[in-house]
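Residue strings, one per chain:
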Amino acid sequence: MAEESRNIVRVSRVTKTFHLGKVEVRALTGVDLEIIAGNYISIMGPSGSGKSTLFNMIGGLDKPTSGRVFIDEVDIAQLDAYELAWLRCRKIGYIFQTFNIIQVMTALENVTLPMIFGGMNNDEAVEKGIQLLELVGLGDRYLHKPFELSGGQQQRVAVARALANDPAIILADEPTGNLDLKTGEEIIALLKQLSKERNVTVISATHDFKMLNVSDQVVWIRDGRVDKIENRDELSISIGEIGTKDG
Amino acid sequence: MGDPQANRLVVLPLRKSIEIALKSIRVRFFRSLITTLSLVLAVSFLSFVNVTTDIANGLLAKEDPDLRRVLVRAGYDIAPEETSVGNSPKLRWIIILSLLVCVVGIVNAQLMAVTERFREIGTMKCLGALDRFILRLFLLEAGIQGLAGAGAGALLGALFSLVNSFIRFGHVALTSLRWTDAGQSVLFAVLVGLILSLVGVMYPAIVAARMQPVEAMRVEQ
């Protein structure tokens, strides 16, 4: 794997400073990170560590104060509004803690919307949308409105929507944050399965330790910088550490 | 990602935009109704005043001294040599004021609608929507609401004016009315209503369209 590995995301000396009134908050103080295509990455860290900020940078949702973010070796700071929209539409699938299913649309319409944006015609989009909803286990519920679905089902719709344009990257911001333990596990398993089957890079910002079991790599963020990066084989030790820390 | 520009455009066909706009209105029907209500009232007032003037002009055109006296008694300032009546400056002011209040009401209601829909807008942007998709959706919604509201208001105002005049002047009010004039007044009121609706939504729609996706995500709901 090492020979063929290709960086899908490269973060180079990224800093981000927010101005809250007169106070300067340095959310990121120089982050370097390389993410290999097809991996399942968890970005872990306590709240306020800069985890969400880093996540937004990788997703092209926010621009760094200094440093560069490359997706597929393209510096996203160089992209204009159209190219950025295209990137969000075709290259990246987003999953949010609060699901963010568009309330006025059915499950199917939610899933087909990115395909319509991507230029697919309606019939094809509907066909693919139904397939994707079947894939996440909601084949019989595609005409339901979001309020008729449980949290776990809404998150499944979000997973299907994230896959709509066969993205290279799925960015999941606390995908299990609003779900109970069992439903959370199901969503994690689903993400892992999709990452394997479709060779999608999953990048997930989380502080859910359930994520550790499935991650190929865990990036620990602390005080706006990368604290350590652990690969899968090193992980069992750190889980032990966490156990002793918490206990 | 070195492929040509043409392959890298995100699109939202007009038919799909209209579909989404209609759906938004239907789902938030009550809210749309409230937004549109001030427009209905203002436009019906405009239509009422103009159609009533048309009716008075119709009566004057009969050149009947009795009718002229009835009109004067009804409050029209008609000099002996005049053959038509217009709206008094005071009345025009009231119309303009009512339309202004209506626009302010629409801006207020639409700004609230945008705030309510921050998350929806942000999500669409994350899915690849361009600023102008959002702008177009809001304009379409306002256009549909404006057309429906102004249409209803104009017809309501005209109807009220006809009934009112019939009661005051009798059936001669209807027989002497030039219906093309009344039709023009109604159409004019609809047009004004539509324009007001679009003007009112412009600022809120621009606010919505310019929003960064990450800002939309931050909003707690």
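All residue numbers refer to positions counted from 1 along the written sequence of the respective chain. Whichever chain is written first becomes A and whichever ligand is written first becomes 1, with later ones labelled in order. Local features in this predicted model are restricted to residues of pLDDT 70 or higher, and side-chain atom pairs are both shown and tallied only at a pLDDT of 80 or more, whereas totals for entire chains, interfaces and linings draw on every residue.

Draft legend 1. Inspection of the overall build of chain A at higher detail. Helix and strand counts for chain A come out as seven helices and ten strands. For chain A, the C-alpha radius of gyration of 18 Å lies close to 18 Å, the compact-globule estimate for 247 residues. Counting only C-alpha atoms, chain A reaches 45 × 45 × 45 Å along its principal axes. The buried share of chain A, reckoned over its 247 residues, is 46%. Residue pairs at least 24 apart in sequence account for 70% of intrachain contacts in chain A once pairs closer than 6 positions are excluded. Numbered from the N terminus, helices here are DSSP runs of H or I no shorter than four residues, and strands are runs of E no shorter than two. We take the radius of gyration over the C-alpha atoms and set the globule estimate at 2.2 Å times the residue count to the 0.38 power. Every C-beta atom is placed from the backbone, and the number of other C-beta atoms within 10 Å of a residue's own sets its class: buried at 20 or more, exposed at 12 or fewer, partly exposed in between. Whether two residues are in contact is decided by their C-beta atoms, placed from the backbone, lying within 7 Å.

Draft legend 2. A look at the overall build of chain B. Per the secondary structure count, chain B includes nine helices and zero strands. In sequence order, the secondary structure elements of chain B are arranged as α-α-α-α-α-α-α-α-α. Here chain B has a C-alpha radius of gyration of 23 Å; the compact-globule value for 221 residues is 17 Å, and the former is much larger. With 221 residues in all, chain B has 41% of them scored as buried.

Draft legend 3. Expanded view of the interface of chain A and chain B. Taken together, the contact between chain A and chain B spans 25 residues of the former and 22 residues of the latter. Of all elements in the fold, only α2 (81-91) and α3 (107-117) of chain A reach the threshold of two or more residues within the side of chain A that touches chain B. A total of seven residues in the side of chain A that touches chain B trace back to one element, the largest contributor, which is α2 of chain A. For this classification, the nonpolar set comprises Ala, Val, Leu, Ile, Met, Phe, Trp, Tyr, Cys and Pro, the charged set comprises Asp, Glu, Lys and Arg, and every other residue, Gly included, is treated as polar. Considered class by class, the residues forming the side of chain A that touches chain B number 16 nonpolar, five polar and four charged.

Draft legend 4. Quick peek at the sheet that holds strand β5 (residues 74-75) of chain A. All names here are of chain A. Strands sit in the order β2-β1-β4-β5 across an open sheet of four strands; the sheet is antiparallel. With one partner strand each, in any of the chains shown, β2 (23-36) and β5 form the two edges of the open sheet. Sheet contacts for helix α1 (residues 51-58): β1 (7-20), β2 and β4 (66-71); angle to β1, the most-contacted strand, approximately 125°. Following DSSP output, two strands are said to pair if at least two bridges run between them. Interaxial angle, 0 to 180 degrees, is taken between N-to-C directions of lines fitted to C-alpha atoms, where a helix line uses only the stretch in contact.

Draft legend 5. Summary view of the pairing of strand β6 (residues 92-95) of chain A. Residue and element names in this part refer to chain A. Burial of β6 is two-sided: the residues Ile 92 and Tyr 94 facing one way and the residues Gly 93 and Ile 95 facing the other way are all buried. Looking at chain direction, β6 and strand β7 (residues 169-173) are connected through four bridges and run parallel. Residue pairing in the sheet places Ile 95 in a bridge with Ala 172 of β7.

Draft legend 6. Inspection of the environment of Leu 163 of chain A at higher detail. Residue and element names in this part refer to chain A. The topology assignment puts Leu 163 in the loop between α5 (151-162) and β7. Classification of Leu 163 as buried rests on a count of 22 C-beta atoms within 10 Å. When near neighbours in sequence (up to four residues on either side) are disregarded, Leu 163 contacts Gly 93, Leu 132 and Leu 194.

Draft legend 7. Fine view of the nonpolar core. By definition, a nonpolar core groups buried Ala, Val, Leu, Ile, Met, Phe, Trp, Tyr and Cys residues that connect through C-beta atoms lying within 7 Å of each other. Residues Ile 43, Ile 58, Leu 133 and Leu 171 of chain A together with Val 43 and Ile 134 of chain B are the most contacted members of the largest nonpolar core, which totals 121 residues. With twelve residues, the top contributor of residues to this core is helix α2 (residues 29-61) of chain B. Filtering out sequence-adjacent residues up to four positions away, Leu 133 of chain A remains in contact with Ala 107, Leu 108, Val 111, Leu 138, Gly 139, Tyr 142 and Ala 160 of chain A.

Draft legend 8. The arrangement of the environment of Leu 235 of chain A in detail. Residue and element names in this part refer to chain A. If you trace the backbone, Leu 235 turns up in helix α7 (residues 235-246). Each C-alpha atom of the pair Leu 235 and Phe 99 lies 29 Å from the other, and the pair is 136 residues apart in sequence. In this structure, Leu 235 is in contact with Leu 212, Val 218 and Glu 230, ignoring residues within four places of it in sequence.

Draft legend 9. Layout of helix α4 (residues 89-116) of chain B. Residue and element names in this part refer to chain B. The terminal C-alpha atoms of α4 lie 41 Å apart, and with 28 residues this matches the ideal 40 Å at 1.5 Å per residue to within 8%. For α4, the complete set of buried residues consists of Cys 102, Ile 106, Ala 109, Gln 110, Ala 113 and Val 114. On its buried face, α4 is in contact with α2 and α8 (179-210). A helix is expected to span 1.5 Å for every residue after the first.

Draft legend 10. Up close: the pairing of strand β3 (residues 40-44) of chain A. Residue and element names in this part refer to chain A. Counting buried residues in β3 gives five out of five residues, a clear majority hidden from the surface. Burial along β3 is two-sided: Tyr 40, Ser 42 and Met 44 facing one way and Ile 41 and Ile 43 facing the other are all buried. Summarising the sheet, β3 and strand β8 (residues 201-206) pair through five bridges and their orientation is parallel. The residue of β8 that forms the bridge with Ser 42 is Ser 204. Of the pairings in the sheet, the one linking β3 to strand β9 (residues 217-222) comprises four bridges and is parallel in character. Following the sheet pairing, Ile 43 is matched in β9 by Val 219.

Draft legend 11. Up close: the packing of α2 of chain B against α4 of chain B. All names here are of chain B. Taken N-terminus to C-terminus, the directions of α2 and α4 make an angle of 170°; their axes are 9 Å apart at the nearest point. What the angle tells us is that α2 and α4 run roughly antiparallel. Residue-level inspection shows Arg 31, Ile 34, Thr 35, Ser 38, Leu 39, Ala 42, Phe 45, Leu 46 and Val 49 of α2 in contact with α4, the latter providing Leu 91, Ile 95, Ser 98, Leu 99, Cys 102, Gly 105, Ile 106, Ala 109, Gln 110 and Ala 113. Split into classes, the residues belonging to the contact of α2 with α4 amount to 13 nonpolar, five polar and one charged. Here the angle decides the label: under 35 degrees means roughly parallel, over 145 means roughly antiparallel, 65 to 115 means roughly perpendicular, and every other value means oblique.

Draft legend 12. Molecular detail of unusual backbone geometry. Residues and elements named next belong to chain A. Residue Glu 73 is not a glycine yet carries a positive backbone phi of 65°. Counting through the fold element by element, Glu 73 comes out in the loop between β4 and β5. Phi at Asn 100 takes a positive value of approximately 50°, unusual for a residue other than glycine. With respect to the helices and strands, Asn 100 occurs in the loop between β6 and α3.

Draft legend 13. Focus on the sheet that holds β7 of chain A. Residues and elements named next belong to chain A. Spatially, six strands are ordered β6-β7-β8-β3-β9-β10 in an open sheet, and the strand pairing comes out mixed. With partners counted over all chains shown, the strands left at the sheet margins are β6 and β10 (225-231), one partner each. Within the sheet, the average angular offset between the axes of one strand and its neighbour, ignoring direction, is 15°.

Draft legend 14. How the structure looks around the confidence of the model for chain B. In predicted models, pLDDT denotes the confidence assigned by the predictor to each residue on a 0 to 100 scale. For chain B, per-residue confidence averages 89 on the pLDDT scale, and residues scoring 70 or more make up 94% of the total. For the stretch residues 1-5 of chain B, pLDDT sits under 50, and the model shows three contacts to residues farther than four places along the chain or on other chains.

Draft legend 15. Region of interest: the packing of helix α6 (residues 131-169) of chain B against α8 of chain B. Residue and element names in this part refer to chain B. At their nearest, the axes of α6 and α8 sit 7 Å apart, and the two run at 150° to each other. With respect to each other, α6 and α8 are oriented roughly antiparallel. Viewed along their axes, α6 and α8 form a crossing whose handedness is right-handed. Taken together, the residues of the contact of α6 with α8 sort by class into 22 nonpolar, nine polar and three charged. Crossing handedness follows the turn of the near helix against the far one: under a right angle anticlockwise gives a left-handed crossing, and clockwise gives a right-handed one.

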